[in-house]
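Structural overview
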Amino acid sequence: MSSPATPASPPTQSTHVAESASPGASEFSAKDGQDAAGATAPSSDEGSRRRRRRPKAPDLAVRPLWLIVAFAALVGLSLLGPFMTYSSTDGTGGQLSRQIGYLTIAGLTVWAVHGVQVRSRLFVVPWPFIFALGWCWLSMTWAIEPLIAIRRILLLTMVTWSIFIMVRQIGYRTSLLILRVLLTVLLAANWITVLSDPTMGIHQINDPGDEGLVGDWRGMMEHKNIAGMTCALTVLLFAFDPRRMPIVIRFAVLAAAGAFLWFTQSRTSIAGCAAALVAGGLFSFYSYRWRPAIITLVIVLGGIGAIVQNVISDPFMRVTVDDPTTLSGRTVIWEALWAYYRNAPYFGAGYGSFWDIGRASPINQFGRGWLLEIAQGHNGYLDLLITIGPVGLGLCVYAAFVWPILRLLNWRRGDKQVGALLLSTLVFLIAHNATESTLFDRDSIGQVFVVLAAAMVFLVTRPGGRVPSGNVDLLAWATRDEDEPQPVSTARSGSRGPSRRRSGSGSSSGRSSRSSGGQPRSR
């Protein structure tokens, strides 16, 4: 009679022992639902075990060498973009080889970061850029030439997305080193072209609307304004945040880039570079309390000065289409664009659906003569206004300039030299788009550096208190962050290994790995 009651307790004890000894079996039985009574008691423990065991995919290390190759290829392809599009005769301003190149780079980036297994590494684009790109995609619904526009917005999206992924993984230091190397190589090639073949390196004929082009340097670039922009960016990237760069190399590159910039006679790049150097110097000199007010005042005064200059020249009233002399003919272009905007003030022509789309281009209706031969409005803000409307213009300007500058100005514990470099780059690109159209223009050099600057700002201003170095060890000799605390005492005592093991367990390890981009490895 008592036999059914006596064996009831031993199985219960054995069950608990089995569960503690083999958690995998308990988890398996809980999943299959074969033991309802046993699944209710240890459900919280088993759930916590499963949550701890589930995220195995993030342990996959990125492929740093391939990320560096992809990053250098993307920037290099952008720098060579004017050569690849110059021979295009289809009127669309694009080439299949360039599109295939960026598609290959995007695929290589996803493969290098294990994007299929670790999808969180793909979702790194900040919300201002998502909204801006989303509006550009929405404009496909009213674009004049949707087939051409889709190709262009797809290229813009791939380039933007790839840059944010790569900068997030390889870090600020490595990204900056690669940019400096590529710009230095381009500068050397420009000098060699001018000295060895002046007929190619120096403008020999004038362009429509620009009668003072002869004699200006362009190097191996298509136009003096492109060469001037790359030289100005080179000056800014070597003027700030030198770290341990040899002083001879730094000043040699600065002198070569400054001299070439002057000989290009690109007025926008020269003036923009000067304003950017002032803004960067103010950022690195003044304290956090006064920095936002002073730099904002400089930017506002510069914008007011540009507006006053345009009002004095009055491009929308007194300049005629037959007088392409003011601002190298830009006011004539702006007059035609303003006339189109008054005709379509809300949505515009759709992203990428105004220039270089053949007979359907609105410039054929609102312009004549040499205006039909150009491919941009020589004002990035006005070009966005006539293609995606005032809402799209506001979203793009906020994402590209307002949002990153606000993050820099509110970066209390940030490195002043890092902030000066990034802020000066953004200020230069703001000024450059006043007379050139590169803002949200696919893979143009200006747009690529806009995204690069924004991606670096987004990376360095994250919570963590220092500049992350990324996941790449290959360039540690040149990218080592001097602000990183080094375990000097433990290294001298010979207990470096155990100290790192102790720091690798606990919450401090999580904070250090997050702030350094997930790189706990020793240098």
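Predicted, not measured: the structure shown is a model, and the values here were computed from it.

**What to know about the overall build of the chain**
- Secondary structure summary: the chain contains 23 helices and zero strands in total.
- Sorting the 523 residues of the chain into buried and exposed places 49% on the buried side.
- Approximately 24,900 Å² of the chain is accessible, and the part contributed by carbon and sulfur atoms is 64%.

**Some points on helix α11 (residues 224-239)**
- Under the 1.5 Å per step criterion, the end-to-end length of α11 is 22 Å for 16 residues, consistent within 8% with the ideal 22 Å.
- With 16 of 16 residues buried, α11 lies mostly within the body of the structure.
- Within two residues after α11, Asp 241 carries a phi angle of roughly 55°, on the positive side.

**Description of helix α18 (residues 416-432)**
- Along its 17 residues, α18 runs 24 Å from first to last C-alpha, staying within 8% of the 24 Å computed at 1.5 Å per residue.
- Counting buried residues in α18 gives 13 out of 17 residues, a clear majority hidden from the surface.
- The backbone nitrogen of Gln 417 lies 2.9 Å from a side-chain oxygen of the residue at the head of α18, namely Asp 415.

**Some details on the pattern of salt bridges**
- One pass over the full model with this rule turns up six salt bridges.
- For Asp 415, the salt bridge goes to Arg 243, with nearest N and O atoms at 2.0 Å. Here Arg 243 lies in the loop between α11 and α12 (247-264) and Asp 415 lies in the loop between α17 (380-409) and α18, a separation of 172 residues in the sequence.
- Looking at Asp 415, the relative accessible area reads 17%, which means it is buried.
- According to the relative accessible area criterion, Arg 243 is partly exposed, its value standing at 27%.
- Note that Arg 442 is salt-bridged to Asp 441, the shortest N-O span being 3.4 Å.
- Assessed through its relative accessible area of 16%, Arg 442 is described here as buried.

**Examining the packing of aromatic side chains**
- Throughout the structure, instances matching the rule amount to 16 aromatic pairs.
- Measuring from ring centre to ring centre gives 5.3 Å for Trp 217 and Phe 260, while their planes differ by 65°; the resulting arrangement is edge-to-face. Highlighted residues: Trp 217 in the loop between α10 (198-201) and α11 and Phe 260 in helix α12, separated in sequence by 43 residues.
- Trp 217 gets classed as buried once you look at its relative accessible area, which sits at 13%.
- When the centroid spacing of 5.4 Å and the interplanar angle of 40° are considered together, the rings of Trp 338 and Tyr 341 count as tilted. Within this pair, Trp 338 and its partner Tyr 341 are both found in helix α15 (residues 330-343), separated by three residues, close to a single helical turn.

**Observations concerning the confidence of the model for the chain**
- On average, the chain scores 77 in pLDDT, and the residues at 70 or more come to 67%.
- By mean pLDDT, the top-scoring element of the chain is helix α8 (residues 127-138) (97), and the lowest-scoring one is helix α21 (residues 488-493) (39).
- Counting contacts from residues 313-323, a segment whose pLDDT is below 50, to residues more than four positions away or on other chains yields 24 contacts.
- Low confidence marks residues 473-523, where pLDDT is under 50. Its contacts with residues over four positions away, or in another chain, come to 62 contacts.

**Structural notes on the side chain of Thr 234**
- Along the chain, Thr 234 falls in helix α11.
- Not counting residues up to four positions away in its chain, the partners in contact with Thr 234 are Leu 183, Val 253 and Ala 257.

**Side note on a nonpolar patch on the surface**
- On the surface, a cluster of nonpolar side chains totalling about 400 Å² of accessible area is made up of Leu 65, Trp 66, Val 69 and Trp 111.
- Within the secondary structure, Val 69 sits in helix α5 (residues 64-79).

**Focus: the environment of Leu 179**
- With respect to the helices and strands, Leu 179 occurs in helix α9 (residues 146-196).
- Sequence separation between Leu 179 and Phe 449 is 270 residues, and the spatial gap between their C-alpha atoms is 9.7 Å.

**Digging into the packing of α5 against helix α19 (residues 445-460)**
- Here α5 crosses α19 at 145°, and the two axes come no closer than 8 Å. Crossing of α5 against α19: the hand is left-handed. Contacts from Phe 71, Leu 74, Val 75, Ser 78 and Leu 79 in α5 reach Ile 445, Val 448 and Leu 452 in α19.
- A class-by-class count of the residues in the contact of α5 with α19 yields seven nonpolar, one polar and no charged.

**Thoughts on unusual backbone geometry**
- Phi is positive for His 114, close to 55°, though the residue is something other than glycine.
- His 114 gets classed as buried once you look at its relative accessible area, which sits at 13%.
- A positive phi angle, near 55°, is found at Asp 241, a position not held by glycine.
- Mapping Asp 241 onto the fold places it in the loop between α11 and α12.
- With a relative accessible area of 1%, Asp 241 lands in the buried category.

**Points about the environment of Trp 137**
- Residue position: Trp 137 is located in helix α8.
- Given the relative accessible area of 34%, Trp 137 is considered partly exposed.
- Separated by 214 residues in the primary sequence, Trp 137 and Tyr 351 have C-alpha atoms spaced 7.8 Å apart.
- Residues within four places of Trp 137 in sequence aside, it is in contact with Ile 153, Leu 154 and Thr 157.

**Re the nonpolar core**
- The biggest cluster of nonpolar side chains holds 127 residues, and the ones touching the most others in it are Phe 71, Phe 129, Ile 163, Tyr 172, Leu 422, Phe 440 and Leu 452.
- If one sorts the elements of this core by residue count, α9 sits on top with 20 residues.
- Setting aside residues up to four positions removed in sequence, Phe 129 forms contacts with Thr 160, Phe 164, Ala 399, Ala 400, Trp 403, Phe 440, Val 451 and Ala 454.

**Thoughts on the packing of helix α7 (residues 96-112) against α9**
- Relative to each other, α7 and α9 sit at 35°, their axes nearing to 10 Å. Every pair of crossing elements has a handedness; the one defined by α7 and α9 is left-handed. Residue-level contacts link Arg 98, Gln 99, Tyr 102, Leu 103, Ala 106, Thr 109 and Val 110 of α7 to Arg 151, Leu 155, Met 158, Val 159, Trp 161, Ser 162, Ile 165 and Met 166 of α9.
- The residue makeup of the contact of α7 with α9, split by class, is ten nonpolar, three polar and two charged.

**What to know about the state of the cysteines**
- Throughout the structure, instances matching the rule amount to zero disulfides.
- Cysteine Cys 231 shares no disulfide, and the gap to the nearest cysteine sulfur, in Cys 273, comes to 9.5 Å.

About the thresholds
- Residue numbers run consecutively from 1 along every chain, following the written order of its sequence.
- Reporting of local features is limited, given that this is a predicted model, to residues whose pLDDT is at least 70; pairs of side-chain atoms are given and counted only at 80 or more, and all residues count toward the totals for whole chains, interfaces and linings.
- With hydrogens and water excluded, all non-hydrogen atoms of the structure serve as input to the side-chain values.
- For the purposes of this entry, the term helix denotes a DSSP run of H or I that reaches at least four residues, the term strand denotes a run of E that reaches at least two, and both are numbered from the N terminus.
- Only protein chains enter the area calculation, which uses a 1.4 Å probe; residues under 20% of their type maximum are buried, those over 50% are exposed, and those in between are partly exposed.
- Areas reported as accessible are Shrake-Rupley estimates using a 1.4 Å probe. Residue values count occlusion only from the protein chains shown.
- To estimate the expected span of a helix, count its residues, drop one, and scale the result by 1.5 Å.
- Polar contact criterion, stated in full: a pair of N or O atoms within 3.5 Å, where within protein one must be able to donate a hydrogen and the other to accept it, and residues adjacent in sequence count only if both atoms are side-chain atoms.
- Basic side-chain nitrogens of Lys or Arg form a salt bridge, by our definition, when they fall within 4 Å of a carboxyl oxygen of Asp or Glu.
- Only centres within 6.5 Å qualify two rings of Phe, Tyr or Trp (six-membered ring in Trp) as a pair; their planes then separate them into stacked at under 30 degrees, edge-to-face at over 60, and tilted for everything else.
- Think of pLDDT as the predictor's per-residue confidence, scored from 0 to 100.
- The contact criterion used is simple: two residues touch if any of their non-hydrogen atoms lie within 4.5 Å.
- Each patch is built from salt-bridge-free residues with over 30% relative accessible area, joining like charges within 9 Å and nonpolar side chains (Val, Leu, Ile, Met, Phe, Trp, Tyr) within 5 Å.
- Between N-to-C directions, angles cover 0 to 180 degrees, with each direction set by a line fitted to C-alpha atoms, over the stretch in contact for helices.
- Throughout, a crossing is termed right-handed when the near helix is turned clockwise from the far one, and left-handed when it is turned anticlockwise from it by less than a right angle.
- For this classification, Asp, Glu, Lys and Arg are treated as charged, while Ala, Val, Leu, Ile, Met, Phe, Trp, Tyr, Cys and Pro are nonpolar and the rest, including Gly, are polar.
- Put simply, a nonpolar core is a bunch of buried Ala, Val, Leu, Ile, Met, Phe, Trp, Tyr and Cys residues held in one set by side-chain atoms that sit within 4.5 Å of each other.
- Any two cysteine sulfur atoms lying within 2.5 Å of each other are counted as a disulfide.

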